[in-house]
Structure formats: C-alpha cells, structure tokens
Amino acid sequence: MASDEGTGPVRVDSWIWSVRLTKTRSAAGTACRAGHVRVNGERAKPAQPLRVGDEVRVRLAGRERVVVVSRLISKRVGAPVAAECFVDNSPPEPPREHVAVVAVRDRGTGRPTKRDRRELERLQGAQRGR
C-alpha cells in the first residue's frame with residue numbers, strides 16, 4: 001500500500017472517491033462543481049489539493065458527512081483500508097421513519113368496492129392518528 005500513499009498532493013475529487021464517500025469519481029467531481037464539497041469551510045474545486053488534517057464536508061443524498069483527512073491516498077482501496085484514511089465526525093444519521101403496513105388484497109378479487117374502500121380509509125385514518 002506504500003505505492004498508493006501519495007507523497008505529492010492529492011485531488012479532492014480523487015480522495016473522496018478513493019475513501020468511498022462517493023460511488024464514482026465523476027460523482028465526486030460533480031459534487032465539487034455543484035458546491036457540495038467544502039474543505040476547511042471553503043468551497044472546493046475538483047482539483048484542489050488536500051493535506052493531512054484538512055476537514056472535508058460532503059453533502060450527498062440530503063446527508064452531510066464531516067471527515068478529517070488522516071492519510072492521503074490517490075487510488076481506490078478496500079473498505080477497511082479506506083476507513084483508516086479519515087476520521088468520521090459526521091452527525092448521526094436520522095432514524096428512518098416507520099413504514100405503515102400496506103393492506104394486501106387476495107389476488108383475483110378485483111377492485112375494492114366502495115364499502116371496502118371506506119373500511120380501508122377508516123383503518124388507515126386510525127393508524128395516522130386522525
């Protein structure tokens with residue numbers, strides 16, 4: 001792995017992709033150009049060089065990841081090695097909302113009648129707290 005560690009500067013988009021914060025390098029570059037990546041509080045361009053100790057904030061899919069660079073790598077590595085390259089200071093992920101149970105009708109019974117529909121609405125209204 002010594003060949004993966006860059007002695008020179010490493011691009012932000014390449015590092016974000018290498019440590020598996022994004023799925024593709026082009027997605028990392030697009031996030032940088034869109035302003036979703038900040039290095040030490042400043043908007044980062046894709047080619048901006050990173051140093052050990054820099055704080056990188058990446059906003060993807062409505063969630064912000066805050067990581068501190070602990071090791072520079074320029075090539076994508078396995079997940080266990082990638083996890084050693086940064087310290088994750090992200091806020092905890094919000095809990096997923098509980099999904100309501102969907103009413104299941106027997107196959108081939110056809111469309112619900114007006115009476116069936118009203119019963120379903122009454123049951124769903126009770127689940128929603130009406």
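Remember, it's a predicted structure, so these values are computed and weren't measured experimentally.

Asker: Sorry, what's going on with the overall build of the protein here?
Answerer: Of regular secondary structure, the protein possesses four helices and seven strands. When the helices and strands of the protein are listed from N to C terminus, the series reads β-α-α-β-β-β-β-β-α-β-α. For the protein, buried positions account for 28% of its 130 residues. When contacts within the protein are restricted to residue pairs at least 6 apart in sequence, long-range pairs at least 24 apart make up 45% of them.

Asker: Whenever I open this one, the packing of aromatic side chains confuses me. Can you help?
Answerer: The geometry of two aromatic rings is summed up by the distance between their centres and the angle between their planes. Following the criterion strictly, the structure yields one aromatic pair and no others. Here the aromatic rings of Trp15 and Phe86 are separated by 6.3 Å at their centres, their planes lie at 80 degrees, and the arrangement is edge-to-face. On the criterion of sequence distance, the pair formed by Trp15 in helix 1 (residues 12-18) and Phe86 in strand 7 (residues 86-88) is long-range, its members being 71 residues apart. Residue classification places Trp15 among the buried residues on the basis of a relative accessible area of 0%.

Asker: Looking at this model, I keep getting lost on the side chain of Thr22. Mind explaining?
Answerer: As for its placement among the helices and strands, Thr22 is situated in the loop between helix 1 and helix 2 (25-33). Residue Thr22 is classed as buried on the basis of its relative accessible area of 7%. There is a polar contact of 3.1 Å between the side chain of Thr22 and the backbone oxygen of Thr24. In contact with Thr22, other than residues within four places in its own chain, are Ile16, Trp17, Ala27, Ala28, Leu60 and Arg76.

Asker: Where do I start with the pattern of salt bridges in this structure?
Answerer: Charged atoms that come close allow side chains of opposite charge to pair. In total, this model carries eight salt bridges according to the counting rule given. As a salt-bridge pair, Arg11 and Asp13 come within 3.1 Å of each other at their nearest N and O atoms. Here Arg11 falls in the partly exposed class, since its relative accessible area comes to 35%. With a relative accessible area of 5%, Asp13 lands in the buried category.

Conventions adopted
Every chain begins its residue count from 1, and numbering advances along the sequence as written. Restriction of local features to residues with pLDDT of at least 70 applies here, the model being predicted, together with a cutoff of 80 or more for giving and counting side-chain atom pairs; totals for whole chains, interfaces and linings are based on all residues. For the side-chain quantities, the full set of heavy atoms in the structure was used; hydrogens and water were omitted. Note on conventions: DSSP H or I runs of at least 4 residues are helices, E runs of at least 2 residues are strands, and numbering of each starts at the N terminus. The cut-offs for exposure are 20% and 50% of the maximum accessible area for each residue type, with area from a 1.4 Å probe on protein chains only; residues under the lower value are buried, those over the upper are exposed, and the others partly exposed. Only heavy atoms matter for contacts: two residues are in contact if any of them lie within 4.5 Å across the pair. Within 6.5 Å between ring centres, the rings of Phe, Tyr and Trp (the latter by its six-membered ring) count as paired, and their orientation is classed by plane angle as stacked under 30 degrees, edge-to-face over 60, tilted in between. In the analysis that follows, any N or O atom pair within 3.5 Å is treated as a polar contact, provided that within protein one partner can donate a hydrogen and the other can accept it, and provided that, for residues neighboring in sequence, both atoms belong to side chains. Should a side-chain nitrogen of Lys or Arg be within 4 Å of a carboxyl oxygen of Asp or Glu, the pair is scored as a salt bridge.

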